[in-house]
Amino acid sequence: MRSVTTVADLRRTLEPSRRGGDRIGLVPTMGALHAGHLSLIARARASCDVVVVSLFVNPTQFNDGADLAAYPRSIDRDAELARGAGADILFAPTVAEVYPAGFRTTVSLSGLTEVLEGAQRGRGHFDGVSTVVTKLLNMVGPDVAFFGQKDAQQALVVAALVRDLNIPTTIETCPTVREADGLALSSRNVHLSPTDRERALALQRALHVADELISAGEHRPEIVLDAARAVLGRAGLEPEYLVLTRPDDLVPVTRIDGPVLALVAARVGQTRLIDNRLITPAPRPNRQVTAPC
Ligand code: AMP
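What you are looking at is a predicted structure, and each value in this text was computed from that prediction instead of being measured. (Residues numbered from 1 in each chain as written. Predicted model: local features only at pLDDT ≥ 70, side-chain atom pairs only at ≥ 80, totals over all residues. Heavy atoms only, no water.)

Draft legend 1. Examining the sheet that holds strand 4 (residues 89–91) more closely. Taken in spatial order, the six strands line up as 1-4-3-2-5-6 in an open sheet, and their pairing is parallel. Both outer strands of the open sheet, strand 1 (2–4) and strand 6 (170–174), are each paired with one neighbouring strand and no more. Going across the sheet, the axis of each strand differs from the next one's by a mean of 25°, ignoring polarity. Sheet topology places strand 2 (residues 24–29) next to strand 3 (residues 50–55); six bridges connect them, and they run parallel. Among the inter-strand pairings, Pro 28 is bridged to a residue of strand 3, identified as Ser 54. Strand contacts of helix 2 (residues 35–47): strand 2, strand 3, strand 5 (144–148) and strand 6, with the helix running at about 155° to strand 5, the strand carrying the most contacts. Across the sheet, helix 7 (residues 123–140) is in contact with strand 2, strand 3, strand 4 and strand 5; its angle to strand 2 comes to roughly 150°. (Pairing = 2+ DSSP bridges. Helix = DSSP H or I, 4+ residues; strand = E, 2+ residues; numbered from the N terminus. Axes fitted to C-alpha atoms, helices over the stretch in contact; angles between N-to-C directions. Contact = heavy atoms within 4.5 Å.)

Draft legend 2. Quick look at the packing of aromatic side chains. For the structure on display, the rule yields three aromatic pairs. On the numbers, 6.2 Å between centres and 45° between planes, the contact of Phe 56 with Tyr 99 is tilted. Separated by 43 residues along the polypeptide, Phe 56 in the loop between strand 3 and helix 3 (65–70) and Tyr 99 in the loop between helix 5 (95–98) and helix 6 (117–121) bring together distant segments of the chain. With a centroid separation of 5.1 Å and an interplanar angle of 75°, the aromatic rings of Tyr 99 and Phe 103 are classed as edge-to-face. Under the relative-accessibility criterion, Phe 103 is labelled partly exposed at 33%. Counting every residue linked through ring pairs, the aromatic cluster contains Phe 56, Tyr 99 and Phe 103. (Phe/Tyr/Trp six-rings, centres within 6.5 Å; stacked < 30°, edge-to-face > 60°. Buried < 20%, exposed > 50% of the residue type's maximum accessible area, 1.4 Å probe, protein only.)

Draft legend 3. View of the domain arrangement of the chain. Annotation of the chain at the domain level lists domain 1 (2–174) and domain 2 (187–278). Between domain 1 and domain 2, the contact holds 20 residues from the first and 17 residues from the second. Across the domain 1-domain 2 interface, the total number found is two salt bridges. Linking domain 1 to domain 2 there are nine residue pairs in polar contact (both at pLDDT 80 or more). When residues of the side of domain 1 that touches domain 2 are traced back to their parent elements, those giving at least two are helix 3, helix 6 and helix 8 (152–164). A class-by-class count of the residues in the side of domain 1 that touches domain 2 yields nine nonpolar, six polar and five charged. (Domains from an automatic or database assignment. Salt bridge = Lys/Arg side-chain N within 4 Å of Asp/Glu carboxyl O. Polar contact = N/O pair within 3.5 Å; in protein donor to acceptor, adjacent residues only side chain to side chain. Nonpolar A, V, L, I, M, F, W, Y, C, P; charged D, E, K, R; others polar.)

Laid out in structure tokens, this is it:
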């Protein structure tokens, strides 16, 4: 694996592969790699000739300076993990490399970005994400880029911006990797105290209860959400949001008639966690139709 820190070096390194028609895959990350990130790298390894992993803690997507300062960083460990998972190139630029003096462009989507994470973290969050992802796609020029379903809204935003801006990259969204007990892996989990680690399981349990009710035929979102909220409440958690939406555009559903995306965010102690689950109602049993004689 080759480590590069500048766009010029990255492009030079990729040039022979690009000329040779190799399929280039990009896995954008903010580092502090865990098995969720490694699953994206493994997926890229399985389907691409060249795998680029970017590692950049993007300051513009943090609304809270303390959150940015506390974000776990471990570049040497990350390099070892990325190499082990099959990365060919680790691109770890500095903030000045990504945002040189005079930088003045923002990529901003309307729709999809104002709700949920956008509402909680502020308008600038998805502007920061959209701008840095657009830049990374332009820097690397990948055929395919891999994102996690864990950040469902982010994956939808990235897919939309790639479509809107005619960026010639396929976006592949990969399943959420979880701990054995169901907690979604997140770089922020390291901040959880043992008690909060236990309470954090309520997010996944709340989504599970929603799934059970919907699978049993419940069509009323308010009934499902009340039951899921009760699960959070028993763990002493107050959700920042807990919603059932259409999977493609995050519009809340008023009746559950098809697949819905259940999304939850909650602060557990000092740590803000998110999770989501795509829930598909069981097909209605066929009504017995009696053929006319
Ligand atoms: P981050 O470093 O948190 O920006 O995440 C980098 C990429 O890894 C994003 O596409 C995330 O959605 C994805 N990711 C984070 N956690 C998980 C997980 N538990 N399972 C799968 N993908 C994940």
